[in-house]
Amino acid sequence: MPVDDLDAARHFYGTVLGLAQGRSADTWVDWNLHGHQFVTHLAPSRPGGVRNPVDGHDVPVPHFGLILTIPEFHALADRLRAAGVTFVIEPYVRFEGLPGEQWTMFLHDPAGNALEFKAFADDSQVFAT
């Protein structure tokens, strides 16, 4: 994930999101994102992304996502609120009562990268149509 400030990335991913830091160098940092390696690389600024309309929301493109359990999702939403993070899309339920029912929220990291976090009522429905 390209970032323009590694100290800001360390604060956001390590302190705000609570991820454990792994190896690092002057230009990158490895993070443990729920058992997945997530790497922030120092990169020059780049043009802003576009947005696509989804369910009456402007979804940032590109974005990266992670599926959590429902309790993890709500704990993270509370943690983000407590840290003063501004949501691009506030946590809400999509497809309520339908296949693929899910909680979702979008936010930006300090470098402007869009992140999506989800939690499904039934994990077998992650790719339901």
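(A) Expanded view of the confidence of the model for the chain. For the chain, mean pLDDT is 90; residues scoring 70 or higher make up 95% of the total. When mean pLDDT is taken per element in the chain, helix α2 (residues 70–82) scores highest with 98 and strand β5 (residues 50–54) scores lowest with 77.

(B) Examining α2 more closely. Taking 1.5 Å of rise per residue, the 13 residues of α2 would be expected to cover 18 Å, and the 18 Å separating its terminal C-alpha atoms lies within 8% of that figure. Here α2 has its buried residues at Phe-73, Leu-76, Ala-77 and Leu-80. Looking down the long axis of α2, one finds its buried residues gathered within 105° of arc, a one-sided arrangement. Along α2, exposed side chains directed more than 90 degrees from the buried face belong to Pro-71 and Ala-82. If you follow the buried residues of α2, they end up packed against α1 (6–16), β7 (63–68), β8 (87–94), β9 (102–108) and β10 (114–120).

(C) Layout of the sheet that holds β8. Strand order in this open sheet of 4 strands is β7-β10-β9-β8, and the pairing throughout is mixed. What marks the edges here is a single partner per strand, and that holds for β7 and β8. The average angle at which neighbouring strand axes cross in this sheet is 15°, direction not considered. Seen against the sheet, α2 touches β7, β8, β9 and β10 and runs at an angle of roughly 30° to β9.

(D) Representation of the packing of aromatic side chains in the model. What the rule picks out here adds up to 5 aromatic pairs. With 5.3 Å between their ring centres and 45° between their planes, Phe-38 and Phe-64 make a pair best called tilted. Residue Phe-38 is found in strand β4 (residues 36–42), and its partner Phe-64 is found in strand β7; the two are separated by 26 residues along the sequence. You can call Phe-38 buried: its relative accessible area is 6%. Where Phe-73 meets Trp-103, the ring centres are 5.9 Å apart and the plane angle is 40°; that geometry is what we call tilted. Taken together, the residues Phe-73 in helix α2 and Trp-103 in strand β9 connect sequence positions 30 residues apart. Taking the relative accessible area as the measure of exposure, Phe-73 reaches 0% and is therefore buried. Under the relative-accessibility criterion, Trp-103 is labelled partly exposed at 26%. Here a set of aromatic residues connected by ring pairs shows up, and it is made of Phe-12, Tyr-13, Trp-31, Phe-38 and Phe-64.

About the criteria used
- For every chain, the first residue of the written sequence is number 1, and numbering continues from 1 along that sequence.
- Where totals are concerned, whole chains, interfaces and linings use all residues; where local detail is concerned, this predicted model gives features only for residues with pLDDT of at least 70, and gives and counts side-chain atom pairs only at 80 or more.
- Side-chain measures were taken over the full set of non-hydrogen atoms in the model, leaving aside hydrogen atoms and water.
- Residue-level confidence of the predictor is what pLDDT reports, using numbers from 0 through 100.
- Here a helix means four or more residues in a row that DSSP labels H or I, a strand means two or more in a row labelled E, and each is numbered from the N terminus.
- To estimate the expected span of a helix, count its residues, drop one, and scale the result by 1.5 Å.
- Throughout this description, buried means an accessible area under 20% of the type-specific maximum (1.4 Å probe, protein chains only), exposed means over 50%, and partly exposed covers the range between.
- Each direction from the helix axis to a C-beta atom contributes to the arc, which is the arc of those directions.
- Contact between two residues is taken to exist if any of their heavy atoms lie within 4.5 Å; hydrogens are not considered.
- By definition, two strands form a pair when at least two bridges between them are found by DSSP.
- Axis lines are fitted to C-alpha atoms, over the contacting stretch for helices. Their N-to-C directions set the angle, which ranges from 0 to 180 degrees.
- Working definition: rings of Phe, Tyr and Trp (its six-membered ring) pair if their centres are within 6.5 Å, and the pair is stacked with planes under 30 degrees apart, edge-to-face with planes over 60 apart, and tilted otherwise.

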